[in-house]
Amino acid sequence: MMKITVNKKSAAAAMLIALTMTGSACGSYQAEQKPKANSITPSGAFAGSYYEKSYVTDNQGKFWIPLKPAAASLGYRLKDDSTSGGYAKIGYTDVMYMLKPDSAQVFSLGEKVTLPDAPIRRNGQIYITPTALSKLLQTEVGWNPTTGEINIAPPTDKDKGVMNGTASGKGAPGTLRIQSASNVDTDELIAFAKKFLGVPYDFGAGSYEETKKFDCSSFTRHVFRKFGVDLPRLARDQDNIGRRVNRNDLKAGDLIFFTVPGRFESDAVPGHVGIYIGSGKFIHTWGEPGVQISELDSGYWNNVILHMQRVL
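Novice: Go over helix H6 (residues 216-225) with me, naming the residues and quoting the values.
Specialist: Among the 10 residues of H6, 8 are classified as buried, and the element is accordingly described as predominantly covered. Among the residues of H6, those classed as buried are Cys 216, Ser 217, Ser 218, Phe 219, Thr 220, His 222, Val 223 and Phe 224.

Novice: Please give an account of the sheet that holds strand E5 (residues 77-80) that cites residues and values.
Specialist: Overall, antiparallel pairing links the 5 strands, which are arranged E5-E6-E7-E8-E9 in an open sheet. In the strand order of this sheet, the two ends are held by E5 and strand E9 (111-114), each with one partner. Taking the axes of each pair of neighbouring strands and ignoring which way they run, one obtains an average angle of 20° across the sheet. Pairing geometry for strand E7 (residues 95-99) and strand E8 (residues 105-108), over 2 bridges, is antiparallel.

Novice: So what about helix H4 (residues 186-194)? Which residues, and what values?
Specialist: Burial in H4 covers these residues: Leu 189, Ile 190, Phe 192 and Ala 193. On an axial view of H4, the arc spanned by its buried residues comes to 160°, and they lie on one face. For H4, the elements touching its buried residues are H6, strand E18 (270-278) and strand E19 (281-286). Capping of H4 at its N-terminal end is provided by Asp 185; its side-chain oxygen lies 2.9 Å from the backbone amide nitrogen of Asp 187.

Novice: Lay out the side chain of Ser 294 with the relevant residues and their values.
Specialist: Examined against the element boundaries, Ser 294 turns out to sit in strand E20 (residues 290-295). Under the relative-accessibility criterion, Ser 294 is labelled buried at 9%. Of note is the side chain of Ser 294, whose polar atom sits 2.7 Å from the side chain of His 284. Leaving out residues up to four positions away in the same chain, Ser 294 has contacts with Gly 280, Lys 281, Phe 282, His 284 and Trp 301.

Novice: Quick one: what's the story with the side chain of Lys 89, residue by residue and with numbers?
Specialist: Inspection of the secondary structure puts Lys 89 in strand E6 (residues 88-91). Overall, Lys 89 belongs to the buried group, its relative accessible area being 14%. With sequence-adjacent residues up to four places away left out, Lys 89 is seen in contact with Arg 77, Leu 78, Lys 79, Asp 81, Val 95, Tyr 97, Met 98, Phe 203 and Gly 204.

Novice: Break down the packing of aromatic side chains for me, with residues and values.
Specialist: Counted under the stated rule, the structure contains 15 aromatic pairs. Judged by centre distance (6.5 Å) and plane angle (80°), the rings of Phe 196 and Phe 219 are edge-to-face. One end of the pair, Phe 196, is in the loop between H4 and helix H5 (208-211); the other, Phe 219, is in helix H6, with 23 residues separating them in the sequence. Both residues of the pair, Phe 196 and Phe 219, belong to the buried class. Put simply, the rings of Phe 192, Phe 196, Tyr 208, Phe 214, Phe 219 and Phe 227 pair up and form one aromatic cluster. Its guanidinium or amino end placed over the ring of Tyr 87, Lys 100 lies 4.6 Å from that ring's centre, counting from NZ or CZ.

Scoring rules and cut-offs
- Residues numbered from 1 in each chain as written.
- Predicted model: local features only at pLDDT ≥ 70, side-chain atom pairs only at ≥ 80, totals over all residues.
- Heavy atoms only, no water.
- Buried < 20%, exposed > 50% of the residue type's maximum accessible area, 1.4 Å probe, protein only.
- Helix = DSSP H or I, 4+ residues; strand = E, 2+ residues; numbered from the N terminus.
- Pairing = 2+ DSSP bridges.
- Axes fitted to C-alpha atoms, helices over the stretch in contact; angles between N-to-C directions.
- Arc of directions from axis to C-beta.
- Contact = heavy atoms within 4.5 Å.
- Polar contact = N/O pair within 3.5 Å; in protein donor to acceptor, adjacent residues only side chain to side chain.
- Phe/Tyr/Trp six-rings, centres within 6.5 Å; stacked < 30°, edge-to-face > 60°.
- Lys NZ or Arg CZ within 6 Å of the ring centre and 35° of its normal.

This is the structure in structure tokens:
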């Protein structure tokens, strides 16, 4: 994102004034406008900005926006299974947020949260109020009902500065080892993981037994569970198990976490996870062809390594 100089107080004041203005009529459309490269939220923070043409205002004056483009503005994908009784799922390679239309109870970064307004379904899409979106994503959302401009600040890593349950700078990181893990044969674990090469990747995949698909963290969880190690569902939570190791100490069976640049205020949030198998390679699932083996010390993945974690 390019650097610009603005008067934050003036920009914030302008946005706050905009928030008090009357919204457009229900279902009306705005003229085509190009999104800004940078924008300002009401508090003066920089944020991504886009223009939403299909917003609506209900008979109580509440402003509603489609959820999918809002998620896409942060680089997230949305998979909507709510039409068949499931959840709509939002995230990058992991599911980070889950919700259902007409329910104020949602899951945000592994926590159950109650939204001020329950999302609704309209014309086949899920709509949400900006205030509810702010609570769902745990970040700041600004909007201008007159122009349809939406500003969403990149979500902040709420665990920033904490490593394995110990605040950085306050002692060595804690070790959360699983008691039975020391008996795991890593050769057997790697051989088991390789049995799934080519299994399709599916964002927010359900259990492998039901779907025959994985996303990145459900794959690592499935492999480790076979050997009595119960990892959490999300990569960011798997990151809290075990202890850090550096590249020189990396061994087969260690987890490798990768950042997703620009998805968060801090790039310290794990967005992808794989299993090191030795010889500078790791096994993971990502897009096509699904479960695959990639090089760790060269190419794309080498540039986005966050850290390595030993759980065995």
